[in-house]
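So the chains spell out like this:
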Amino acid sequence: MSKYTYYPTMFHTNPFAYNWTELMDMNETKNAKQLILKNTQATKLGVAEMFLTINKFSAFDIHGNEHFIKDFPKQAELNPKGMHTEFFIKIKSLLTLEEGGYTTFRFYLGNTGNRLSYKDGSSETITDVKYLDFEIKNGLRISGDKEQEVVMRFDFEPYTLASYFKPVLNLFNRAKPSTRKLAASIGN
């Protein structure tokens, strides 16, 4: 008869092993203000994801005055995705804003590196757009509480199932001239 060493913890699963990222996100964003940002033209056109280079970041108050939040001298890269991907941006720099209500965030874009991906899997490079405005759903109210963080989520369309098969289908299709969707519809 042979002898086997048995290690009981080797096969034992941790009950929190499968949702540890969800628990961590809950703790990170538990005390933060949750904001949903929406660009109506991007929603109409079916934008699923953006790749942006940002020079400046600002907010507009309820009176239409612009308040600059942060300058990025070396052009920060930002890759906003829809809420369905659980992507969010957590920042503390909004707390430097004056007390009051805010309705819109504006991202000033760099000259190169700005690209949009649509829900059908196609993408487009934008060069002639200087900024993108995102409306804050239900607005943002900054009060005397300066210790609170802000979590920004973007309201974009999810990718369609057909978009995952698009690279294979493109092998069988002839090349067609591309049309510029968002860049032609947003004015500076």
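Above this text is the structure in question.
The following refers to the structure shown. Because the structure is predicted, anything quoted here is derived from the model rather than measured.

Turning next to the overall build of the protein chain. Per the secondary structure count, the protein chain includes four helices and nine strands. Sequence-ordered secondary structure for the protein chain, helices as α and strands as β, is α-β-α-β-β-β-β-β-β-β-β-α-α. When the 188 residues of the protein chain are sorted by exposure, 35% land in the buried category. Restricting the contact set of the protein chain to residue pairs at least 6 apart, pairs at least 24 apart contribute 83%.

Here the focus is the packing of aromatic side chains. Tallied over the entire structure, the rule returns nine aromatic pairs. Aromatic pair phenylalanine 107 and phenylalanine 134: ring centres 5.5 Å apart, planes at 80°, arrangement edge-to-face. A residue pair is termed long-range when its members are at least 10 positions apart, and phenylalanine 107 in strand 5 (residues 100-109) and phenylalanine 134 in strand 8 (residues 131-142) qualify at 27 residues. An aromatic cluster of three or more residues is present, and its members are Phe57, Phe105, Phe107, Phe134, Phe154 and Phe156. A cation over an aromatic ring shows up here: lysine 56 above the ring of tyrosine 108, its NZ or CZ 5.9 Å from the ring centre. The cationic tip of arginine 115 hangs over the ring face of phenylalanine 51; the distance from NZ or CZ to the ring centre is 4.1 Å.

Turning our eyes to something else, we now look at the pairing of strand 1 (residues 33-38). Relative to strand 9 (residues 150-154), strand 1 runs parallel, the two sharing five bridges. Considered in strand 9, the bridge of glutamine 34 is made with valine 151.

For the rest of this paragraph, the subject is the pattern of salt bridges. Under the definition given, this model contains two salt bridges. The residue arginine 106 makes a salt bridge to aspartate 133 at a minimum N-O spacing of 2.6 Å. Placement of arginine 106 in strand 5 and of aspartate 133 in strand 8 is noted, with a sequence separation of 27 residues between them. What makes aspartate 133 partly exposed here is its relative accessible area of 27%.

Turning next to unusual backbone geometry. Of note in this structure, glutamine 75 is not a glycine but carries a positive phi near 55°. Structurally, glutamine 75 can be placed in strand 3 (residues 66-78). For glutamine 75, a relative accessible area of 29% translates into the label partly exposed.

Attention now moves to the pairing of strand 5. The two faces of the sheet receive side chains in turn, since in a regular strand these alternate between them. With respect to burial, strand 5 is a largely interior element, nine of its ten residues being buried. Bridge count for strand 2 (residues 47-61) against strand 5 is seven bridges, and the pairing is antiparallel. By the bridge assignment, isoleucine 54 is partnered in strand 5 with leucine 109. As paired elements, strand 5 and strand 8 share eight bridges and run antiparallel to each other. Within strand 8, the position partnered with threonine 104 by the bridge is glutamate 135.

Rules used in this analysis
Throughout this description, residue numbers start from 1 for each chain and increase along the sequence as written. In keeping with the model being predicted, local features are shown solely for residues with a pLDDT of at least 70 and side-chain atom pairs are shown and tallied solely at 80 or more, while totals for entire chains, interfaces and linings include all residues. The side-chain numbers reported here are obtained from all heavy atoms of the structure, hydrogens and water having been left aside. Put simply, DSSP marks the helices as runs of H or I at least four residues long and the strands as runs of E at least two long, and each gets a number from the N terminus on. Type-normalised accessible area, obtained with a 1.4 Å probe on protein chains alone, sets the label of each residue: buried when under 20%, exposed when over 50%, and partly exposed for intermediate values. Throughout, a residue-residue contact means that at least one pair of heavy atoms, one from each residue, lies within 4.5 Å. Think of it this way: a Phe, Tyr or Trp ring, Trp meaning its six-membered ring, pairs with another when their centres are within 6.5 Å, and the plane angle makes it stacked under 30 degrees, edge-to-face over 60, tilted otherwise. Two conditions define a charge sitting above a ring: the NZ of Lys or the CZ of Arg must be within 6 Å of the ring centre, and it must be within 35 degrees of the ring normal. Pairing between two strands requires that DSSP report at least two bridges joining them. Throughout this description, the term salt bridge denotes a Lys or Arg side-chain nitrogen within 4 Å of a carboxyl oxygen of Asp or Glu.

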